[in-house]
Amino acid sequence: MLKSLMLAKAQEDLEREKRDREDDKHNVLTERVPPLQLSGFTLQQLQELCRELHQKVDVVDEERYDIEYKVKKSQAEITDLNQKIFDLKGKFKRPNLKRVRMSADAMLRALLGSKHKVSMDLRANLKSVKKEDTDKERQEVGDWRKNIEALSGMEGRKKIFDSQGGQ
């Protein structure tokens, strides 16, 4: 019920505003343009009246042009200010960062200053792989087709079963 009352009130306000605008428009037109009385004018008086009306139309056109220019200028200012607000909110594109070759020690020294004495050796914790182990694995693999042929049939399955069971 409250919603319907609010909508009714809003509708009344809109109608009242519309009537006020029409009244204002009518008042302005009656002020600026007096009613024409064309009866009883000679040709020369009609020509003079037309010249006056043309001058008034020119003045109104100049005012309209000036107002349009001001509106366009203010719209451009509004868009500029909106863009500035958008930029200030922080939604702008971040620039690409440049790669800098720097060791971990140099980075810590740059961050912590010259007081940093601890060296950070990142390679110390890495697992070492011996070259001999990889060579043995390559030799053991051999030709895979021979393994498949040897393991095919019941004898091969029995070997696999025995090898798994023995472990």
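Predicted model only: the values in this text are computed from it and were never measured. (Residues numbered from 1 in each chain as written. Predicted model: local features only at pLDDT ≥ 70, side-chain atom pairs only at ≥ 80, totals over all residues. Heavy atoms only, no water.)

A. Local environment of the overall build of the chain. Each helix and strand in the chain was counted, giving six helices and zero strands. Along its sequence from the N terminus, the chain presents helices and strands in the succession α-α-α-α-α-α. Taking all 167 residues of the chain together, the buried fraction comes to 2%. A total accessible area of about 17600 Å² is found for the chain, and carbon and sulfur atoms account for 56% of it. (Helix = DSSP H or I, 4+ residues; strand = E, 2+ residues; numbered from the N terminus. Buried < 20%, exposed > 50% of the residue type's maximum accessible area, 1.4 Å probe, protein only. Areas by Shrake-Rupley, 256 points an atom, 1.4 Å probe, with all protein chains shown as cover.)

B. Examining the pattern of salt bridges more closely. With the rule as written, the count across this model stands at six salt bridges. In this structure, the salt-bridge partner of K9 is D13, at a minimum N-O distance of 3.9 Å. Here K9 and its partner D13 are both found in helix α1 (residues 2–32), four residues apart, which amounts to about one turn of the helix. You can call K9 partly exposed: its relative accessible area is 45%. According to the relative accessible area criterion, D13 is partly exposed, its value standing at 23%. The partner of E48 in a salt bridge is R51, and the shortest N-O contact between them spans 3.5 Å. One end of the pair, E48, and the other, R51, are both in helix α2 (residues 43–88), three residues apart, so they sit about a helical turn from each other. Put simply, K9, D13 and R16 are held in one network by salt bridges that share partners. (Salt bridge = Lys/Arg side-chain N within 4 Å of Asp/Glu carboxyl O.)

C. Looking closely at the layout of surface pockets. Considered as a void within the structure, the largest pocket measures approximately 350 Å³ in volume. In terms of lining residues, the largest pocket is bounded by 14 residues, among which R32, V33, K56, V57 and V60 are the most central. When residues of the lining of the largest pocket are traced back to their parent elements, those giving at least two are α1 and α2. Considering every element that reaches the lining of the largest pocket, the biggest residue donor is α2, with seven residues. (1 Å grid on protein atoms, 1.4 Å probe; cavity = no way out; pocket = protein on both sides within 12 Å on 5 of 7 lines; lining within 4 Å. Points joined across faces, edges and corners; volume = space filled by probe spheres on them.)

D. Up close: the confidence of the model for the chain. Residues with a pLDDT of 70 or more make up 68% of the chain, whose mean pLDDT is 79. No element of the chain has a lower mean pLDDT than helix α4 (residues 131–141), at 59, and none a higher one than α1, at 94. (pLDDT = per-residue confidence, 0-100.)

E. Up close: a nonpolar patch on the surface. Among the surface-exposed residues, L36, L38, F41, L46 and L53 lie close enough to one another that they form a single nonpolar patch of about 420 Å² accessible area. Residue placement: L38 occurs in the loop between α1 and α2. (Patch = residues over 30% accessible without salt bridge, like charges linked within 9 Å, V, L, I, M, F, W, Y side chains within 5 Å.)

F. Region of the structure containing a negative patch on the surface. Among the surface-exposed residues, D20, E22, D23 and D24 lie close enough to one another that they form a single negatively charged patch. Tracing the chain through its elements places D20 in helix α1. Assessed through its relative accessible area of 40%, D20 is described here as partly exposed. (Lys, Arg positive; Asp, Glu negative; His and termini not counted. Charge placed at Lys NZ, Arg CZ, Asp CG, Glu CD.)

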